[in-house]
Amino acid sequence: MQKKIVFSFLMFLISTVGFAATATLEVRPSSTEIAENENLSIEFKVSIDDYNAQIAKPEYTAPDFDEVNVYSGMTGIESSFINGSVSVRRTQSVTVVLHPKRTGNLKVSGISVTVNGKPVKSEDIQIEVGGPGSSRNRSSGGYSLHRPKSQLPGSGVHPIRGGSSFFLKTEPSKTKVYKGE
């Protein structure tokens, strides 16, 4: 009887203390082939079994690209209670929009995100940049049948260089909104 109580108590401690959470980093470019007048969006998605995890902004090296914009993407929390065990999974994504400086086979390297003080790394991304209008829009696998292409700015949005001007036009989808909509 005493052995059952001790065993049950040890199992309870193990289930509540848990083990070190392992973070995963998924990197999805909008395409691996673009034209020099197009933008490239890259989604950095981190998942970890730790609700309180400290997730830093993604780091990467892309000397052949200008950074156009950074979008703080979705943050999600999934919890489950199975057989007396509680688990919580946190997912956070950031999307970066880059514009190529030149044509050729360009690389985004040194991809990592620091989670709870530890770097989580990913493989380099090769992007083939052709002349204007040369994009074949092949998907890289990250945007397959299960996920539509990114709705972030594509062709026609370029980094603003000194002395240049631009025109921005916005139209709301509707003019009346209701609380909670």
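Residues numbered from 1 in each chain as written. Predicted model: local features only at pLDDT ≥ 70, side-chain atom pairs only at ≥ 80, totals over all residues. Heavy atoms only, no water.

Undergrad: Could you clarify how one ought to interpret the sheet that holds strand β3 (residues 40-48) in this entry?
TA: By definition, the strands of a sheet pair up through backbone hydrogen bonds, in either a parallel or an antiparallel sense. Pairing in this open sheet of 4 strands is antiparallel, and the strands run β1-β3-β6-β5 from one edge to the other. Of all the strands in the sheet, just β1 (24-29) and β5 (65-82) have a single pairing partner and so form its edges. Between one strand axis and the next, the sheet turns through 15° on average, direction left out of account. The pairing of β3 with strand β6 (residues 85-100) spans 9 bridges and is antiparallel. Residue pairing in the sheet places K45 in a bridge with S93 of β6. (Pairing = 2+ DSSP bridges. Helix = DSSP H or I, 4+ residues; strand = E, 2+ residues; numbered from the N terminus. Axes fitted to C-alpha atoms, helices over the stretch in contact; angles between N-to-C directions.)

Undergrad: Can you help me understand the environment of V115 in this one?
TA: By the secondary structure assignment, V115 is in strand β7 (residues 104-115). Spatially, the C-alpha atom of V115 lies 9.7 Å from that of S47, the residues being 68 residues apart in sequence. Setting aside anything within four residues of it in sequence, one finds V115 in contact with A23, V46, I48, A53, Q54, I55 and V120. (Contact = heavy atoms within 4.5 Å.)

Undergrad: When you look at the nonpolar core in this model, what are you seeing that I'm missing?
TA: One recurring pattern in soluble globular proteins: nonpolar side chains tend to sit buried together. Counting residues in each nonpolar core, the largest one holds 25 residues, and the members touching the most others are L25, I42, F65, V108 and V115. Going through the elements one at a time, β1, β3, β6, β7 and β9 (125-130) are the ones with two or more residues in this core. Apart from the residues lying within four places of it in its own chain, the contact partners of L25 are F44, K45, V46, I111, S112, V113, V120, K121 and S122. (Core = buried A, V, L, I, M, F, W, Y, C linked by side-chain atoms within 4.5 Å. Buried < 20%, exposed > 50% of the residue type's maximum accessible area, 1.4 Å probe, protein only.)

Undergrad: Which parts of the structure should I look at to understand the packing of aromatic side chains?
TA: A ring pair, where both rings are aromatic, is described by two values, the distance of the centres and the angle of the planes. Tallying each qualifying case throughout the model produces 1 aromatic pair. For the pair F44 and Y60, a centre-to-centre distance of 5.9 Å together with 15° between the ring planes defines the contact as stacked. Of the two residues, F44 sits in strand β3 while Y60 sits in strand β4 (residues 59-61), which places them 16 residues apart along the sequence. What makes F44 buried here is its relative accessible area of 2%. (Phe/Tyr/Trp six-rings, centres within 6.5 Å; stacked < 30°, edge-to-face > 60°.)

Undergrad: Could you clarify how one ought to interpret the environment of V113 in this entry?
TA: With respect to the helices and strands, the residue V113 is situated in strand β7. Residue V113 is classed as buried on the basis of its relative accessible area of 2%. Note: C-alpha distance between V113 and Y60 (53 residues apart in sequence) is 8.8 Å. In contact with V113, other than residues within four places in its own chain, are L25, V46, I55, A56, P58, K118, P119 and V120.

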